[in-house]
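Single-letter residue listing:
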Amino acid sequence: MTNLSDSTVAEERDSAAGERTNDLTIHVATVNGSGSQSSNNVLMRAIFQMGIPVSGKNLFPSNIAGLPTWFTIRASSEGWTGRRRNVDVLVCMNPATGADDVKALNPGAICIFDDALGLEGSRDDVTFYPIPFSKIAGEVTSDSRLRKLIANMVYVGVVAWMIGIDREELVSAVERQFSGKAKAVELNVEAIDKGIAYAADNLEPQVAHRLQRMDKTRGQILIDGNSAAALGAMFGGVTVATWYPITPSSSLCEALIEYLKAYRLADDGKATFAVVQAEDEISAIGMVIGAAWAGARSMTATSGPGISLMTEFAGLGYFAEIPAVVWDIQRIGPSTGLPTRTSQGDLLQVAHLSHGDTEHIVLFPGSVAECFEFAMKALDFAELFQTPVFVLSDLDLGMNSWMSEPFEYPTEPINRGKVLTAEKLKELGGKWGRYLDVDGDGIPWRTLPGTDHPDAAYFTRGSGHNEEARYTEKPEDYVNLMERLRKKFETARGHVPRPVIEREEGARVGLIAFGSSDVAVQEARHVLRRDHDLATSYLRLRALPFTKDLEAFVADHDRIYVIEQNRDGQLRSLIRLELKGDPDLRSILHFDGLPLYARFVVESVVAMEGEKRNG
Amino acid sequence: MADSVLNLTGPVAKENRVGLSALDYKGGKSTLCAGCGHDAISNQIIRAFYEMSVKPESVAKFSGIGCSSKTPAYFMSRAHGFNAVHGRMPAVATGATLANRKLVSIGVSGDGDSASIGLGQLLHMIRRNISMVYIVENNGVYGLTKGQFSATADEGSQLKNGVINDLPPMDLCALAITCGAGFVARGFAGDPKQMVTMLKAAIAYDGLAFIDVISPCVTFNNHEGSTKSYPYAKEHDEILHQVGFVPSFEPIEIDYEPGEVRDVSLHDGSRVLLKKLEEDYDPGDANQAMTRLHRAVSAGQMLTGIVYLDPAKKSFTSQLGIVDEPLGTLSQDVIRPPKEALDQIMAELM
């Protein structure tokens, strides 16, 4: 059986020592399918509503019911939202993992557990609180099936009372969770109250692990990256979306369907969109390509195995110059890999997806706000550059809840790229060439099928074609085409999101990362400065092709640490391909399937810097 | 071979109802082998679209990979064409019909493309009932790769080099019926009159009109021992009924004996007329269609005609409830909800 606790054996004692308010991690261990998700959401939401910065990560198995699952809530007064391995408050509901979960605790942690698990006394540096959850739940309901769910809400009440979460925020979070279901709200609030009452009568409030109201979440939203991407796609004017269910991307399309149904029906109730669940990922991207060819703003979302299947169509889209947007919510590969664990392992493959010389525009959102923003940008870029655009998210960013400033309504109009209408063709006297570079930017003009002009049509093919879209096998025609595609990619270089660069005065060390690694890297820089007196500059890449900023940043630092969540240092390889010379690029690689955490980065940098100094 | 067409179509008019001549429907010069059945089919496609007065600009042509898939370049140059990847034309066509439901779509595929590498996509497209004409130019061999057997090659059929096929063939018409197709026909490239009539009915049909056309490969599969050769097909062609078609814009009264002709009305008001031949065949009965197809196989017959026709089936675009205007050209104010919508969503997430 998988046991996540094995990899969470604690060593991070320095930063967690002593009493600190609003800085703790709650780890809830339950059995998959036992309905603990609502309880954990209520806990997290209530902390958020108390004004305390919070993040939540669901570590779940590839399983419907029975295997262990964990939910980790991190409250951080300083606003750090990356994973933290120290667990301060453990809630143990799963007999299968209880012993290991306890082993992983830091000294001084508390363990609240279902009394049937008999964990008390298994360590003398941890305080144990056995709770008769089943009995308390039995006071709320006699329905045996419901009792399991209710027991989960009882731990919410117990934890809340012990660490200081306000009851009123719990109630409001329950109302939100069970919106419109009065009976469920009543039942769950009763369960929470029973938990609070039991704790008040039998337990002691915590001093070392304590939460209290502050004002750091006002005006912020809580959302997962996949929902943010779905929102972005909707406001980006997506009209055709296709998908084939695959973890961890399914929730993107499911959210998109809900948003589209709510906000994108015409006055007569008809849909201004089509969503199709395809028979596989090959078909999903084929539909996107066909729809985009016929003018729709089209997208699909998938994960690694789906990306592999989409390879051939990705090449067609690149070569025949057809827009498409593909979200890759990365999970661990190769092959089926660990379907419910996060990774940044698809980077190299996606960058050049296809046989033959191929290069793709790839966007790397590093936050939920960027998921929203890049969803719109990707649809624009696909049409602007008439090519597939990939957006590389991952399970951690996509499926977990993140705090964010509210998303900003787009200020730029939707960009449909270079499309010749019948009127325009009339002006041109019908003279045009589908693959002619008339503007010198490598981007040709296209017409849409159905354009009512006798010269509008052209023949799209993935085989050799000349500037008039006619079949050709002439060497010079092929070379011309490939050179122009390269030129188009160079044009894209000037449009894609530039990296976010944070320079620190006098820093000789530069960090480079992308995507969801951002939160951990940000926190690591803070710790490096605070605890190790090491100043670092930071460049977060946001797209392929790389912009000139990368070269300058690398040149400005003695040593560069490229931090990424894969085994092979894929980003470092791409950077090496891009840059001249032989800069000192070192890899920090985290690839066990769990999200990157700050301490890992800190220790890696410190170790390698030490070697540098000693050597 | 009997004349398979009811005598409804007279000589070709010089100009059709949209003011175009047959020349406006021509395509590029074919690069297929002289005498290829596929070219004969292309000619009937040109004629059918011309006679149906479908403006070529409103047509989208699709294909996969293979000899058959080259043919969309050889008809209607004024229509947009898309030569997709091997076996994946159905997905591309599905996407395009969603983006622009006003397009009149036609796909041309081969037996390698449709029965082997692309069988899955074909069946799912049929199941969705995508509104388009889908033609399989079926010759039992891979032509472009020089004559290997395909999945529709008959058991016992022989290649030029003497290799004998010992696997059973897939009957694409039977598969189409199984997967819910509402228009299933089989034609023969050597019978242009029947072909053009069925094509016209297929164009008028709102949904997936599937036509499996036996189209002999004159280079790799036209020898003795082949069951997809011209001589073999001519000898074994078993015509289900004479097919007639009256488009919605031609209110022609037919002179026939009651009970002799089956008259099926399509959504657009067109009528398909099926004149009984030797048997009492009901093309509205899927069970009977399957039985008849299976019987033909054991009898060594090549059954042609409209095997199954259900005019009431709903096409995918109708089922999705999408707006009438093409999705691809909706304006920004329709596809980007207002700022208030985002504000509301953000407020709910706070």
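Residues numbered from 1 in each chain as written. Chains lettered and ligands numbered in written order. Predicted model: local features only at pLDDT ≥ 70, side-chain atom pairs only at ≥ 80, totals over all residues. Heavy atoms only, no water.

Draft legend 1. Molecular detail of the overall build of chain A. Looking only at helices and strands, chain A has 20 helices and 24 strands in total. When the backbone C-alpha atoms are referred to their principal axes, chain A occupies close to 85 × 70 × 40 Å. Within chain A, the fraction of its 615 residues that count as buried is 62%. Residue pairs at least 24 apart in sequence account for 76% of intrachain contacts in chain A once pairs closer than 6 positions are excluded. In chain A, 63 side chains carry a positive charge and 84 a negative one; their mean positions are 1 Å apart. (Helix = DSSP H or I, 4+ residues; strand = E, 2+ residues; numbered from the N terminus. Buried < 20%, exposed > 50% of the residue type's maximum accessible area, 1.4 Å probe, protein only. Contact = heavy atoms within 4.5 Å. Lys, Arg positive; Asp, Glu negative; His and termini not counted. Charge placed at Lys NZ, Arg CZ, Asp CG, Glu CD.)

Draft legend 2. Representation of the interface of chain A and chain B within the structure. Across the boundary between the two partners, chain A contributes 71 residues, which contact 55 residues of chain B. Summing both sides of the interface, chain A and chain B together bury roughly 5100 Å²; the carbon and sulfur share of this comes to 66%. Lys 270 of chain A is the salt-bridge partner of Asp 324 of chain B, the closest N and O atoms lying 3.1 Å from each other. Counting the contacts that link chain A with chain B gives 21 residue pairs in polar contact (both at pLDDT 80 or more). Looking at the side of chain A that touches chain B element by element, the count peaks at 8 residues for helix α9 (residues 281–293) of chain A. Looking at side-chain class alone, the side of chain A that touches chain B contains 42 nonpolar, 17 polar and 12 charged residues. (Buried area = accessible area lost by both parts, 1.4 Å probe. Salt bridge = Lys/Arg side-chain N within 4 Å of Asp/Glu carboxyl O. Polar contact = N/O pair within 3.5 Å; in protein donor to acceptor, adjacent residues only side chain to side chain. Nonpolar A, V, L, I, M, F, W, Y, C, P; charged D, E, K, R; others polar.)

Draft legend 3. The arrangement of empty space enclosed by the protein in detail. Residue and element names in this part refer to chain A. Going through the model one piece at a time under the given rule, you end up with 8 cavities of 30 Å³ or more. Counted as a void, the second largest cavity has a volume near 140 Å³. Considering the residues around the second largest cavity, the lining is formed by 13 residues, among which His 27, Leu 59, Thr 72, Arg 83 and Arg 84 are closest to the centre. Breaking the lining of the second largest cavity down by element, the ones donating at least two residues are β3 (54–59) and β4 (68–76). Class assignment of the residues belonging to the lining of the second largest cavity gives a composition of 3 nonpolar, 5 polar and 5 charged. (1 Å grid on protein atoms, 1.4 Å probe; cavity = no way out; pocket = protein on both sides within 12 Å on 5 of 7 lines; lining within 4 Å. Points joined across faces, edges and corners; volume = space filled by probe spheres on them.)

Draft legend 4. Expanded view of the environment of Gly 610 of chain A. Residue and element names in this part refer to chain A. Along the chain, Gly 610 falls in helix α20 (residues 598–614). Since its relative accessible area comes to 22%, Gly 610 is described here as partly exposed. Distance in space between the C-alpha atoms of Gly 610 and Thr 536 is 15 Å, their sequence separation being 74 residues.

Draft legend 5. Spatial organisation of the pattern of salt bridges. Per the counting criterion, the structure on display carries 55 salt bridges over all chains. Linking Asp 166 of chain A and Arg 213 of chain A is a salt bridge whose minimum nitrogen-to-oxygen distance equals 2.9 Å. Taken together, the residues span a long stretch of sequence, with Asp 166 of chain A in the loop between α4 (144–163) and α5 (167–177) and Arg 213 of chain A in the loop between β8 (209–210) and β9 (221–224) at a distance of 47 residues. For Asp 282 of chain B, the salt bridge goes to Arg 262 of chain B, with nearest N and O atoms at 3.3 Å. Note that Asp 282 of chain B is positioned in the loop between β12 (271–276) and α9 (286–298) and Arg 262 of chain B in strand β11 (residues 261–265), a separation of 20 residues in sequence. Using a relative accessible area of 25% as the deciding quantity, one classes Asp 282 of chain B as partly exposed. Under the relative-accessibility criterion, Arg 262 of chain B is labelled partly exposed at 39%. Among the charged side chains, a salt-bridge network with shared partners connects Arg 297, Asp 380, Glu 383, Arg 416 and Arg 446 of chain A.

Draft legend 6. Layout of the sheet that holds strand β9 (residues 237–239) of chain B. In spatial order, the strands read β18(A)-β2(B)-β1(B)-β3(B)-β4(B)-β8(B)-β7(B)-β13(B)-β9(B); together these 9 strands make up an open sheet with mixed pairing. Each edge of the open sheet carries a strand with a single partner, namely β18 (459–461) of chain A together with β9 of chain B. Ignoring strand direction, the axes of neighbouring strands in this sheet form an average angle of 20°. Contacting β7 (183–188), β9 and β13 (302–309) of chain B, α9 of chain B crosses the sheet at an angle of about 170° to β13 of chain B. (Pairing = 2+ DSSP bridges. Axes fitted to C-alpha atoms, helices over the stretch in contact; angles between N-to-C directions.)

Draft legend 7. Quick look at the confidence of the model for chain A. Looking at chain A as a whole, the pLDDT averages 94, with 96% of positions reaching at least 70. Across residues 1–17 of chain A, confidence stays below pLDDT 50; counting only partners more than four residues off in sequence or on other chains, it has 45 contacts. (pLDDT = per-residue confidence, 0-100.)

Draft legend 8. Summary view of the confidence of the model for chain B. All names here are of chain B. For chain B, per-residue confidence averages 92 on the pLDDT scale, and residues scoring 70 or more make up 94% of the total. Taken as a whole, residues 1–5 scores under 50 in pLDDT and shows 18 contacts with residues more than four places along the chain or in a different chain. Two numbers describe this predicted complex: its pTM, 0.96, and its ipTM, 0.96.

Draft legend 9. Fine view of helix α8 (residues 250–263) of chain A. With 14 residues, α8 of chain A extends 20 Å from end C-alpha to end C-alpha; this agrees with the ideal 20 Å at 1.5 Å per step. Those residues of α8 of chain A that sit buried are Ser 250, Leu 252, Cys 253, Ala 255, Leu 256, Ile 257, Tyr 259 and Leu 260 of chain A. (Expected span 1.5 Å × (residues − 1).)

Draft legend 10. The arrangement of the packing of helix α3 (residues 89–99) of chain B against helix α5 (residues 119–128) of chain B in detail. Residues and elements named next belong to chain B. Across the interface, α3 lies against α5 with an axial gap of 8 Å and an inter-helix angle of 35°. Residue-level inspection shows Met 89, Pro 90, Ala 91, Ala 93 and Thr 94 of α3 in contact with α5, the latter providing Gln 121, Leu 122 and Met 125. Of the residues assigned to the contact of α3 with α5, the class counts are 6 nonpolar, 2 polar and no charged.

Draft legend 11. Region of the structure containing the pairing of strand β12 (residues 298–302) of chain A. Residue and element names in this part refer to chain A. Taking burial as the measure, the 5 residues of β12 include 5 buried ones, the bulk of the element. Because side chains alternate across β12, one face comprises the buried residues Ser 298, Thr 300 and Thr 302, and the other comprises Met 299 and Ala 301, equally buried. Bridging between strand β10 (residues 240–243) and β12 involves 4 bridges; their strand directions are parallel. Paired with Thr 242 across the two strands is Thr 300, which belongs to β12. Bridge count for β12 against strand β13 (residues 324–332) is 4 bridges, and the pairing is parallel. Its bridge partner lying in β13, Thr 300 is registered against Val 326.

Draft legend 12. The packing of α9 of chain A against α3 of chain B, seen in detail. The N-to-C vectors of α9 of chain A and α3 of chain B enclose an angle of 45°; their axes lie 6 Å apart at closest approach. Classed by the angle they form, the pair α9 of chain A and α3 of chain B counts as oblique. You can see that α9 of chain A and α3 of chain B cross each other, and the crossing is right-handed. In this structure, α9 of chain A uses Ser 283, Gly 286, Met 287, Gly 290, Ala 291 and Trp 293 of chain A to contact α3 of chain B, whose residues at the interface are Ala 91, Val 92, Thr 94, Gly 95, Ala 96 and Ala 99 of chain B. For the contact of α9 of chain A with α3 of chain B, the class distribution of residues is 7 nonpolar, 5 polar and no charged. (Parallel < 35°, antiparallel > 145°, perpendicular 65-115°, else oblique. Left-handed = near helix turned anticlockwise from the far one by under 90°.)

Draft legend 13. Region of interest: the packing of aromatic side chains. Using the criterion set out here, one finds 15 aromatic pairs over all chains in the structure. When the centroid spacing of 6.4 Å and the interplanar angle of 45° are considered together, the rings of Phe 319 of chain A and Tyr 478 of chain A count as tilted. Here Tyr 478 of chain A lies in helix α16 (residues 475–493) and Phe 319 of chain A lies in helix α11 (residues 311–320), a separation of 159 residues in the sequence. By relative accessible area, Phe 319 of chain A is classed as buried at 13%. In this structure Tyr 478 of chain A comes out as partly exposed when scored by relative accessible area, which is 42%. Ring plane angle 75° and centroid distance 5.6 Å describe the contact between Tyr 25 of chain B and Tyr 50 of chain B, whose orientation is recorded as edge-to-face. One end of the pair, Tyr 25 of chain B, is in the segment before α1 (37–51); the other, Tyr 50 of chain B, is in helix α1, and 25 residues separate them in sequence. (Phe/Tyr/Trp six-rings, centres within 6.5 Å; stacked < 30°, edge-to-face > 60°.)

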